[in-house]
Amino acid sequence: MKVIHLISGGDSGGAKTHVLSLLQNLNKTITAQLVCFRDGPFAQEAREMGIPTEIMAGNHIFRIRRQLAAYIKDGGYQIIHCHGSRANMIGAMLRKSTGLPVVSTIHSDYRIDYMGRPLSRLTFGTINALALRRLDYRIGVSDAMVDLLISRGFAPDRFYAIYNGIDFTPAPGQGDRLTYLRELGADVDETSVVVGIAARLNPVKDMTTLIRGFAAAYRSCPRLRLVIAGDGAERGKLEALARELGVERQVTFAGWISGGMDRFYSALDINTLTSLSETFSYALTEGARFHLATISTAVGGIPNLIDTGVNGYLFTPGDYEALGRHLAELGNDDRLRHSMGERLYQKASSQFSIQTTVDTQLHIYGEILRRHARPKADRDGVVICGAYGRGNAGDDAILEAILQEMRSIDPDMPVTVLSKNPKETRLSYRVRAVSRMDVPGWLGAMRRARLYINGGGSLIQDVTSRRSLWFYLLNIRAAKRAGCAVQMYGCGIGPVTRGNHRQLSAKVLNRYVDVITLREPDSREELRSMGVTEPEILLTADPALTLRPAGDDVVDSVLLRAGIPPHGRYLCFALRQWPGFAERAPLFGRAARYAYEAYGLTPVFVSVEKGADSAAGREAAQGLGDIPHYFLDDAGGAGAIIGSLARMEAVVSMRLHALIFAAGQGIPLAGVVYDPKVSSFLRYIGQEVFTDLNDLTEEKLKAMVDRAAAQAARPEAQAAAVARLQEMEHGNVSTARRLLRM
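Conventions used here
- Residues numbered from 1 in each chain as written.
- Predicted model: local features only at pLDDT ≥ 70, side-chain atom pairs only at ≥ 80, totals over all residues.
- Heavy atoms only, no water.
- Salt bridge = Lys/Arg side-chain N within 4 Å of Asp/Glu carboxyl O.
- Helix = DSSP H or I, 4+ residues; strand = E, 2+ residues; numbered from the N terminus.
- Buried < 20%, exposed > 50% of the residue type's maximum accessible area, 1.4 Å probe, protein only.
- Expected span 1.5 Å × (residues − 1).
- Contact = heavy atoms within 4.5 Å.
- Pairing = 2+ DSSP bridges.
- Axes fitted to C-alpha atoms, helices over the stretch in contact; angles between N-to-C directions.
- 1 Å grid on protein atoms, 1.4 Å probe; cavity = no way out; pocket = protein on both sides within 12 Å on 5 of 7 lines; lining within 4 Å.
- Points joined across faces, edges and corners; volume = space filled by probe spheres on them.
- Nonpolar A, V, L, I, M, F, W, Y, C, P; charged D, E, K, R; others polar.

## Remarks on the pattern of salt bridges
Phase 1 of the analysis: On inspection of all chains with the given rule, the structure shows 37 salt bridges.
Phase 2 of the analysis: For R430, the salt bridge goes to D143, with nearest N and O atoms at 3.2 Å. Placement of R430 in the loop between α16 (422–429) and β16 (432–435) and of D143 in helix α6 (residues 143–151) is noted, with a sequence separation of 287 residues between them.
Phase 3 of the analysis: Under the relative-accessibility criterion, R430 is labelled partly exposed at 21%.
Phase 4 of the analysis: The partner of D380 in a salt bridge is R374, and the shortest N-O contact between them spans 3.0 Å.
Phase 5 of the analysis: Note on R374: relative accessible area 21%, which makes it partly exposed.
Phase 6 of the analysis: Shared partners join several salt bridges into a network, and the residues in it are D143, D147 and R430.

## Focus on helix α19 (residues 499–512)
Phase 1 of the analysis: Under the 1.5 Å per step criterion, the end-to-end length of α19 is 20 Å for 14 residues, consistent within 8% with the ideal 20 Å.
Phase 2 of the analysis: Within α19 the residues assigned to the buried category are H501, S505, A506, V508, L509 and Y512.
Phase 3 of the analysis: Lining the buried residues of α19 we find β18 (457–460), α18 (466–481), β19 (485–493), β20 (515–518) and α20 (521–530).

## Looking at the sheet that holds strand β4 (residues 79–83)
Phase 1 of the analysis: Strands sit in the order β3-β2-β1-β4-β5-β6-β7 across an open sheet of seven strands; the sheet is parallel. Taken across any chain shown, the strands that pair with only one partner, and hence form the sheet edges, are β3 (53–55) and β7 (159–161). Strand-to-strand, the axes of this sheet are offset by a mean angle of 25°, without reference to chain direction.
Phase 2 of the analysis: The pairing of strand β1 (residues 2–7) with strand β2 (residues 31–36) spans six bridges and is classified as parallel.

## Side note on the layout of surface pockets
Phase 1 of the analysis: Computed from the structure, the second largest pocket encloses a volume of approximately 1,300 Å³.
Phase 2 of the analysis: For the second largest pocket, the lining is made up of 39 residues, of which D147, N304, S428, G636 and G637 are closest to its centre.
Phase 3 of the analysis: For the lining of the second largest pocket, the secondary-structure elements that each account for two or more residues are α6, α15 (393–409), α16, α21 (552–561) and α24 (638–646).
Phase 4 of the analysis: When residues in the lining of the second largest pocket are grouped by element, the largest group, five residues, is from α16.
Phase 5 of the analysis: Looking at the lining of the second largest pocket residue by residue, the class counts come to 17 nonpolar, 12 polar and 10 charged.

## Quick look at empty space enclosed by the protein
Phase 1 of the analysis: Taken as a whole, this structure holds three cavities of 30 Å³ or more when the rule is applied.
Phase 2 of the analysis: Volume-wise, the largest cavity comes out at about 50 Å³.
Phase 3 of the analysis: As for the largest cavity, its lining consists of R519, E520, A541, D542, L545, L656, I660, K677, F681, Y684 and L725.
Phase 4 of the analysis: Going through the elements one at a time, α25 (656–664) and α26 (676–684) are the ones with two or more residues in the lining of the largest cavity.
Phase 5 of the analysis: It is α26 that provides the largest number of residues to the lining of the largest cavity, a total of three residues.
Phase 6 of the analysis: Counted by class, the lining of the largest cavity contains seven nonpolar, no polar and four charged residues.
Phase 7 of the analysis: Lining the second largest cavity, in full, are F573, L575, F605, V606, S607, D613, S614, G617, F631 and D633.
Phase 8 of the analysis: Those elements that provide at least two residues to the lining of the second largest cavity are β23 (602–606) and α23 (612–621).
Phase 9 of the analysis: With three residues, the single largest contributor to the lining of the second largest cavity is α23.

Below, the structure written as structure tokens:
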């Protein structure tokens, strides 16, 4: 593989480190040619690192374009990779003349690259923004950078994320740390806990928050010291602030550190970052290399490295009080500080090494070449329609599972999702999305697609809304008339209660649907009773059963953010507002008290639908009084929710997908049935511990808790049933593959 990298040649900081370390290591596997538009220290350092480097200097853009086009053709390069505004502009000009895919790595937010330089922002900033939209692919240096650009309207399925990696080879001994720190001017002794930061002293790094937070922490932990490595226009202001807060002797302004940063980081106990904006800071992985406990603002891609409360702490930019609390806690607890530093090292060295960065970049190149070679077709890809973008973890889990399965068929398949919140769907799943109200948008997508998927869940029902039933039936009809094959995917059917709705549903499904795959047998009986006979009907399972839990670090962080100790003994209640729930809410509270007193299980009230379910949980918990209990209102994505439920010893749930998630992890279940879909699923897995919401009593609920607790010691039967369903679920994707003729 031969890739040509274009860059201005005047870059510094993180962008410089990323490009040079990446190219040095890429050249061990492929040809990665560097072209700079000026000579200087950047190009000289590249040569010294053994990177093949060419200079094409000058201000005549069109001459450089012609020169580069010839150079690329003669060299047999396959990809043009740009870094920075000048390279992006020239790369955009080379797309048509070379016919090659052009990709840009976006190292920072182009809207603030020229902060304080209005003329440069107006000219170079505008040109860069226009050029970026003309390129084929873009790489953000963190998922947060990708999300930022997608939110600005860039195509979500033409993005990749990569993280700055470093060499985690153990550093040699760095000498006596107290001697070094005193050379920097720090007032330290053997008992000192040294906090450090390495950054420019400019507004975006927000050193004011750092000094205020340090001063607050110092009052309760006088062994703390702060060393700031860096310089800049704000130094005088920051020194004055330290004097004002009475910590001028405890804060050291060391200026720029010469001779490398290893000795600096080796002398610290706590690494910090207080930036208002970052992509993914090398300063944190450099500190992780030295096993440093770390506190940072939750900006850019940093939350992908730090699982707060597990391997470090995150705080909101500007919140110096939170920073102060974290500094004091780490300063006063040597064991906590050391354990967090070790956990951060383990994660960073395995996930954020330079080799991981190189492997990711090679994978991106391979995917770009494959996509560039994909034959153009009049019809391609899939349109997926369901109850998405409403903040319901169950519905979003279905979408996540379907997308995974479509990518298993064809990783480059174009996908468009109809969503109530298309912006959120684009950000969450990196797919094209259109609003359910954008009729021209989804009709256009249907005319380009080969397959339409009515995406899981119980969409064909009229209990929650008759208008939603009409919408889904209209969509199915429109998709078929637009030329798509139509599949209803791992779905439930009903209840459809009104006679005219049953007739309309049968008419549309018989005429416009090719295959219906069902998640449980009761839905098959509902279709038969409505007279649906024309489509092929297959019994499969819910797609969400294929999803896997998030990693332990992520789950620990989710629980800790909610104030829940990660490894307790818990009973989950997943409740929802429904007619009749308010009268029975106290029963759940009494059952929660019973579970705690009889089995030592602490109740946790989990929201499957953000916002909507939290009120139900709090209503049920009102009578708990002094019984400890917790609320998990927002666990995040499906993987985090599944992982959180896997920490429970049993689950009592009204929510179907809480039952599905828990069943997939072998957790004992007890269902409270507000809709036939709940009992249908439980019977399908051979689980009979459920009762109807309208028939619920305190005695029945306690008996269900007893049976669920007893099953915790005998999970084999449920596990076998779930394994069978997971195998049957493959019928969903094999049907889609057949309809796509792939």
